[in-house]
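# A closer look at the structure
Now for the letters of each chain:
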Amino acid sequence: MAVSATAAKKDTQFIWEGKDKRGNKVRGKAIAANEAALRADLRRQGVAATRVKSSSTRGGGKVSNEDIAVFSRQLATMMAAGIPMVQSFEIIGNGHEKPAMQRLVLDIKANVEGGSTLKESLAKHPLYFDDLFVNLVEAGEQAGALETLLDKIAGYKEKTEALKKKIKKALFYPAAVLIVAVVVTIILLIFVIPQFESLFKGFGAELPAFTQMVVNLSRLVQAQGWWMAMLTGGAFYAFFYFHKRSRTLQRNVDRMLLKFPIIGPIMVKAAIARFARTLSTMFAAGVPLVEAMQSVAGATGNIVYQEATLRMKDEVATGQRLQRAMENTGLFPNMVVQMIAVGEESGSLDAMSAKVAEFYEAEVDAAVDGMSSLLEPLIMAILGVLVGGMVIAMYLPIFKLGSVV
């Protein structure tokens, strides 16, 4: 308890300089509760501090999944090289440029130094280390092969983060372009259309229906724009608020995404890739299949596949083969089911699952590239309709006036 309380107070970063036992000048960064605690820690390491300067690190950014993936790879590499675990944490923590990550790593180091296992230390930070991560570390500690398991975790994290990046890449470009199109449209309605409206009043003729519709829309946006923006923002906030708290809403949204044109097939392939990659990693680590399915369910990234995996877990626990349980869900292609069946029969479920994961990760990559090529002309068409439509609406009265003259 005392160790945890001390670690929790380590919110100040210090830059220090000093001399080691050989008289060589050394310098570095460290996080400690205060300057006295840091000097005492340096003395234990054989360093006589000559200068200690504090720099606040409160806040310090947010720890991302990419940070955890890099941390996993660094820890696996250092331990494989024979560097003691505590020293590895010291090197990684003090060398990280993000203060929030420094605090996290050095807090884990403090817990390990206090006698906790690595599994127990990681479990105290569930926001950053999920059940899968913790379970794999526990399996490595029990089997005496922590370096090997950390390497598998690092590889797993890197592949899953790469997959997430591909999906974000597929969704970011069209979303960004559509947002820009909406912003440009609103600017035209508020600032440009009123200028044309004042010009049209001097014509003394009735405006074309299309032009009148755009002018009326411009008046509505000018008069009720703030209310419309607040209602739209409130609707988005309410959706995300209830999406986090309502499992029914999550299920309906995820099910809709799986059936959505273009995006749906990518989401299906991504869920299968994550399912297979997690199953392969857990099974290769020696985690029993039934226990592994719990972590596999949480890693699929889609509540439809998550609930299906939990049903599969219950069926496997009663003696059902994994192949049959997968068939009963109706969510997995026949090729995936057959490869899993071959893996079960040959005793190489981890290898077969890895092959399935590699295949579907490549499929996601190809689908993302194909979707980007397909969406580009579609987005250009939408931009043309929004912006070009208003330009045409504004010039129709001028063309009509010219024909009358």
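Analysis parameters
- Residues numbered from 1 in each chain as written.
- Predicted model: local features only at pLDDT ≥ 70, side-chain atom pairs only at ≥ 80, totals over all residues.
- Heavy atoms only, no water.
- Helix = DSSP H or I, 4+ residues; strand = E, 2+ residues; numbered from the N terminus.
- Axes fitted to C-alpha atoms, helices over the stretch in contact; angles between N-to-C directions.
- Parallel < 35°, antiparallel > 145°, perpendicular 65-115°, else oblique.
- Left-handed = near helix turned anticlockwise from the far one by under 90°.
- Contact = heavy atoms within 4.5 Å.
- Nonpolar A, V, L, I, M, F, W, Y, C, P; charged D, E, K, R; others polar.
- pLDDT = per-residue confidence, 0-100.
- Phe/Tyr/Trp six-rings, centres within 6.5 Å; stacked < 30°, edge-to-face > 60°.
- Buried < 20%, exposed > 50% of the residue type's maximum accessible area, 1.4 Å probe, protein only.

## Points about the environment of Ala223
Mapping Ala223 onto the fold places it in helix H9 (residues 209-245). Linking Ala223 and Ile190, residues 33 residues apart in sequence, is a C-alpha distance of 9.8 Å.

## Structural notes on the packing of helix H3 (residues 65-80) against helix H5 (residues 99-113)
Orientation of H3 relative to H5, taken along the N-to-C sense of each, is 45°, at an axis distance of 12 Å. It follows that H3 is oblique to H5 by the angle criterion. Two packed elements cross with a definite hand, and for H3 against H5 that hand is right-handed. Here H3 contributes Asp67, Ile68 and Phe71 to the contact with H5, which in turn contributes Met101, Leu104 and Val105. Looking at the contact of H3 with H5 residue by residue, the classes come out as 5 nonpolar, no polar and 1 charged.

## Considering the confidence of the model for the protein chain
Residues of the protein chain with pLDDT of at least 70 account for 92%, and the chain-wide mean is 83. Per-residue pLDDT stays below 50 along residues 1-10; that stretch engages in 13 contacts with residues further than four places along the chain or on separate chains.

## Some points on the packing of aromatic side chains
With the rule as written, the count across this model stands at 10 aromatic pairs. Where Tyr241 meets Phe242, the ring centres are 5.2 Å apart and the plane angle is 90°; that geometry is what we call edge-to-face. Overall, the relative accessible area of 48% leaves Phe242 in the partly exposed class. Taking 4.9 Å as the distance between ring centres and 50° as the angle between the ring planes, the aromatic pair formed by Phe275 and Phe332 counts as tilted. You can see Phe275 sitting in helix H11 (residues 263-284) and its partner Phe332 sitting in the loop between helix H14 (322-329) and helix H15 (334-346), a full 57 residues away along the chain. Note on accessibility: Phe275 and Phe332 belong to one class, buried.

## Examining the packing of helix H8 (residues 146-200) against H11
Where H8 contacts H11, the two axes come as close as 10 Å, and the packing angle between them is 175°. Comparing their axes, H11 and H8 come out roughly antiparallel. Residues Lys152, Tyr156, Lys159, Leu163, Lys164, Ile167 and Leu171 of H8 lie in contact with H11, whose contacting residues are Ile263, Met267, Ala270, Ala273, Arg274, Arg277, Thr278, Thr281 and Ala284. Each residue belonging to the contact of H8 with H11 can be placed in one class, and the counts come to 9 nonpolar, 2 polar and 5 charged.

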